[in-house]
Amino acid sequence: MRYRRFGRTGLNLSVFSLGTMRALGSPEVMQAVIEGAIAHGMNHIETAAAYGASEAYIGRALKALGQPPVFITTKLLPQGDADHVQRQIAQSLERLQVSRLDGVALHGLNTPEHLAWLSTGGMAMLRQLQAKGVIGALGFSTHGSLSVILRAIASNQFDFVNLHYTYFQQRNAPAIAAAAARDMGIFIISPADKGGQLYRPSQRLQDLCAPFHPLHWSYRWLLSQPAITTLSIGPATVAELAFPLAVADQVEPLSAEEQAVGDRLQAVMQETLGTDLCQQCYACLPCPEEIHIPEVLRLRNLAVAYDMTEFGKYRYGMFGRAGHWFPGQPANRCTECGDCLPRCPSGLEIPRLLQQAHEQLQGTLRTRLWQGI
C-alpha cells in the first residue's frame, strides 16, 4: 500500500480508502472487512450517517479491534440549522465511539440550493466544531454538475472534495485541477462501480485492456495522477478486498504498455462511433424535457464502443428516479423539438441517437442503494 498527502488536511492517507456503504450484512461482516482492510495497509474509513447501520457497525468493530490507528471520515446532508447539525455530529460521534472525527463531508452538495446552504447557521456550526477540534478536515462529496462543483471549490470553505472521475467519465477534470490548485485533498468516489462496473467487464473491454484487467488499468490511470490522493473501494465482504488492492503499490506514471491501452480505447471509440460520437461538450443543454442528453449519449458511447451495455442499463435505469443524485429523464421523453440541434458543434442527430440509446439501454428501473433525497 502506498500513501499520499490529502492536500491541506495534513492527513497521510492510503491510496485506497474503505467505503462502507455495502458491508452491512452484519456487525461481524463489517468487522471482518475493516480488519482485512487494515491488514492490506488501508488507514482511511469513509462512511455516512445515511448508510444505515454503517457508523454503529464501524464503532463496534473498531472497539473490538482495539481502536486501531485509522482515520475516519463521515458525511452529513447539507440541510438543517445549527442545532440540527450539532445533533447530527454528536450522534455520529456516539455511533462511531470516538471523540473526534478526522474528516466530515457534506453529503451530496449537488445543487445551487445546496450551495446556498453554505451561508446558513448549519455551515457555521460545522466551522465552530472544527475550531473546537471536534472535526478535523471539512470537505464535500458531490454528484452535482461541474459548475456546482467548481463553485463549491472556489468558495474556499473546504479542505477536500469527494467526486466522480474516471477514464470513462472525464467531465470533472477541471474540478480536479481546481481542487489541486487550492491544495485540497481529492477522493475519487466509486471508480469501479459507477466508473463502469469494471469488476465484471465485457469481453470486448477485457480484450481492449489486455494484458491488464480493466479494473486494474482504470485504477492505474487514476493513481498515475499525483493530484489524486485516494480511491474508494466498497466491498460487501472481506473476500472482495484482495483483487482491487493488487495495484495498491503502483502509483508511478503509466508505462508505455499501459499508455497504449488508453490510446487503443480512444481510437476504438472514434472508429466505432464515427460521426455519431458524442464529444461530451454539454452544449446541448438545457433540454426542455429535462433529458440529460450528454449522459445518455455517454452511456451509448460506452455501450457501442466497448459493449458496456450492462453498465449502461444499470445507470440508465436511474433516470427519473434518483433526483439530484443522478438528474435527468429517460431519453424516450424526447419530443424532437430540435432545440438541441443547432447547439451541437458535432452536428449530431440527437433525437435519433436518444431513441437508439433508449432502445438499447432501457431495462429494469432502479433506485439508489440508499435514498438521501
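Scoring rules and cut-offs
Throughout this description, residue numbers start from 1 for each chain and increase along the sequence as written. Owing to the predicted nature of the model, reporting of local features is limited to residues with pLDDT of at least 70; listing and counting of side-chain atom pairs is limited to 80 or more, with chain, interface and lining totals taken over all residues. The side-chain figures draw on all heavy atoms in the structure; neither hydrogens nor water molecules are used. By this definition, two strands are paired if DSSP reports at least two bridges between them. Only DSSP runs of H or I covering at least 4 residues are called helices, and only runs of E covering at least 2 are called strands; the numbering of each starts at the N terminus. Note on geometry: axes are C-alpha line fits, over the in-contact stretch for helices, and angles between N-to-C directions span 0 to 180 degrees. Residue contacts are counted whenever heavy atoms from the two residues lie within 4.5 Å of one another. Note on terminology: angles under 35 degrees are roughly parallel, angles over 145 are roughly antiparallel, angles of 65 to 115 are roughly perpendicular, and the others are oblique. If you view the pair so one helix is near and one far, a crossing is left-handed when the near helix is turned anticlockwise from the far one by less than a right angle, and right-handed when it is turned clockwise. We call Asp, Glu, Lys and Arg charged. Ala, Val, Leu, Ile, Met, Phe, Trp, Tyr, Cys and Pro are nonpolar, and the rest, Gly among them, are polar. Exposed residues in this analysis have more than 50% of their type's maximum accessible area, buried residues have under 20%, and partly exposed residues fall in between, with area computed by a 1.4 Å probe over protein chains only. We call a crossover right-handed when, viewed with the strands running away from us, the connection from the first strand over the helix to the second turns clockwise. Sulfur atoms of two cysteines make up a disulfide when they are within 2.5 Å. Helix span, expected: 1.5 Å multiplied by one less than the number of residues in the helix. Along the arc lie the directions from the helix axis toward the C-beta atoms. Polar contact is defined as a pair of N or O atoms within 3.5 Å, subject to the rule that within protein one atom must be able to donate a hydrogen and the other to accept it, and that residues adjacent in sequence are counted only when both atoms are side-chain atoms.

Trainee: Sorry, what's going on with the sheet that holds strand 5 (residues 71–76) here?
Mentor: The strands making up a sheet associate through backbone hydrogen bonding, with each pair oriented either parallel or antiparallel. Taking strand neighbours around the barrel as the criterion, the 8 strands line up as 3-4-5-6-7-8-9-10 in a closed arrangement whose pairing is parallel. Strand-to-strand twist across the sheet, computed as the mean angle between neighbouring axes with direction ignored, equals 25 degrees. Pairing of strand 6 (residues 101–107) with strand 7 (residues 135–141), which is carried by 6 bridges, proceeds in the parallel orientation. Considered in strand 7, the bridge of Leu101 is made with Ile135. Each of strand 5, strand 6 and strand 7 is contacted by helix 3 (residues 82–96), which is oriented at about 140 degrees to strand 5, the strand it contacts most.

Trainee: Where do I start with the packing of helix 1 (residues 27–39) against helix 2 (residues 54–64) in this structure?
Mentor: Packing of helix 1 against helix 2 leaves a shortest axis separation of 9 Å and a crossing angle of 60 degrees. When the axis of helix 1 is compared with that of helix 2, the two are oblique. Considering only the axes of helix 1 and helix 2, their crossing is right-handed. Here Pro27, Glu28, Met30, Gln31 and Ile34 of helix 1 lie close against helix 2, whose contacting residues are Ser54, Tyr57, Ile58, Arg60, Ala61, Leu62 and Ala64. Looking at the contact of helix 1 with helix 2 residue by residue, the class counts come to 8 nonpolar, 2 polar and 2 charged.

Trainee: Help me understand the pairing of strand 7, please; the structure alone is not making it clear to me.
Mentor: Two faces belong to every sheet, and in a regular strand the side chains alternate between them. Among the 7 residues in strand 7, 7 count as buried, and that is most of the element. Relative to strand 8 (residues 160–163), strand 7 runs parallel, the two sharing 3 bridges. In the strand pairing of strand 8, Phe140 is matched with Val161. Following the chain from strand 7 across helix 6 (residues 146–154) to the adjacent parallel strand 8, one finds a crossover that is right-handed.

Trainee: Honestly, the state of the cysteines in this entry has me stumped. Any pointers?
Mentor: Two cysteines joined by a covalent bond between their sulfur atoms form a disulfide. Inspection of the entire model under this criterion finds 0 disulfides. No disulfide involves Cys278; its nearest neighbouring cysteine sulfur is the one of Cys284, lying 6.4 Å away. Of the cysteine sulfurs around Cys344, a residue in no disulfide, the closest is that of Cys281, at 5.9 Å.

Trainee: What is the right way to read the pairing of strand 10 (residues 230–233) from this model?
Mentor: In strand 10, alternate side chains face the same way, and those of Thr230 and Ser232 on one face and Leu231 and Ile233 on the other are all buried. Relative to strand 10, strand 3 (residues 16–19) runs parallel, the two being bridged by 3 bridges. Of the residues in strand 10, the one forming a bridge with Leu18 is Ile233. Sheet analysis places strand 9 (residues 185–188) next to strand 10, joined by 2 bridges and oriented parallel. Within the sheet, the bridge partner assigned to Phe187 lies in strand 10 and is Thr230.

Trainee: What is the right way to look at the environment of Leu138 in this model?
Mentor: Along the chain, the position of Leu138 falls in strand 7. You can call Leu138 buried: its relative accessible area is 0%. Sequence-distant contacts of Leu138, that is, excluding residues within four places in its chain, are made with Val104, Met123, Leu126, Arg127, Gln130, Gln157, Phe158, Asp159 and Phe160.

Trainee: What am I meant to see in the packing of helix 11 (residues 293–306) against helix 12 (residues 309–316) here?
Mentor: If you want to describe how two helices pack, look at the angle between their axes and the distance between the axes. Interhelical geometry of helix 11 versus helix 12 gives an angle of 160 degrees and a closest axis separation of 8 Å. Between helix 11 and helix 12, the angle falls in the class roughly antiparallel. Along this stretch, helix 11 crosses helix 12, giving a crossing that reads as left-handed. Within the contact between the two elements, helix 11 uses Val296, Arg298, Leu299, Leu302 and Ala303 and helix 12 uses Thr309, Phe311, Gly312, Arg315 and Tyr316. For the contact of helix 11 with helix 12, the class distribution of residues is 6 nonpolar, 2 polar and 2 charged.

Trainee: What is the right way to read helix 10 (residues 256–273) from this model?
Mentor: Within an α-helix, residues lying three or four positions from one another point in the same direction, as the helix has 3.6 residues per turn. Between its first and last C-alpha, helix 10 extends 26 Å over 18 residues, near the 26 Å set by a 1.5 Å rise per residue. Of the residues making up helix 10, those classed as buried are Glu258, Val261, Gly262, Leu265, Val268, Met269 and Leu273. Seen along its axis, helix 10 keeps its buried residues to an arc of 130 degrees; they face one direction. Facing away from the buried side of helix 10 by more than 90 degrees, the exposed set consists of Ala256 and Glu271. As for helix 10, its buried residues are in contact with helix 8 (203–209), helix 9 (214–223) and helix 11.

Trainee: Looking at this structure, how should I read unusual backbone geometry?
Mentor: Note: most peptide bonds trans; most residues except glycine with negative phi. For the peptide bond that leads from Ala210 to Pro211, omega is 10 degrees, which places it in the cis range. Of the consecutive residues Leu285 and Pro286, the connecting peptide bond is found in the cis state with omega at 5 degrees. Summarising the element assignment, Pro286 is placed in the loop between helix 10 and helix 11. Backbone geometry places Gln197, a non-glycine residue, at a positive phi of 45 degrees.

Trainee: Can you walk me through the side chain of Asn43 in this structure?
Mentor: The residue Asn43 is located in the loop between helix 1 and strand 4 (44–46) in this model. Here the side chain of Asn43 touches Asn12 through a polar contact of 3.0 Å, landing on its backbone oxygen. One polar contact links the side chain of Asn43 to the main-chain amide nitrogen of Ser14, over a distance of 2.8 Å. Filtering out sequence-adjacent residues up to four positions away, Asn43 remains in contact with Tyr3, Asn12, Leu13, Ser14, Pro69, Val70 and Phe71.

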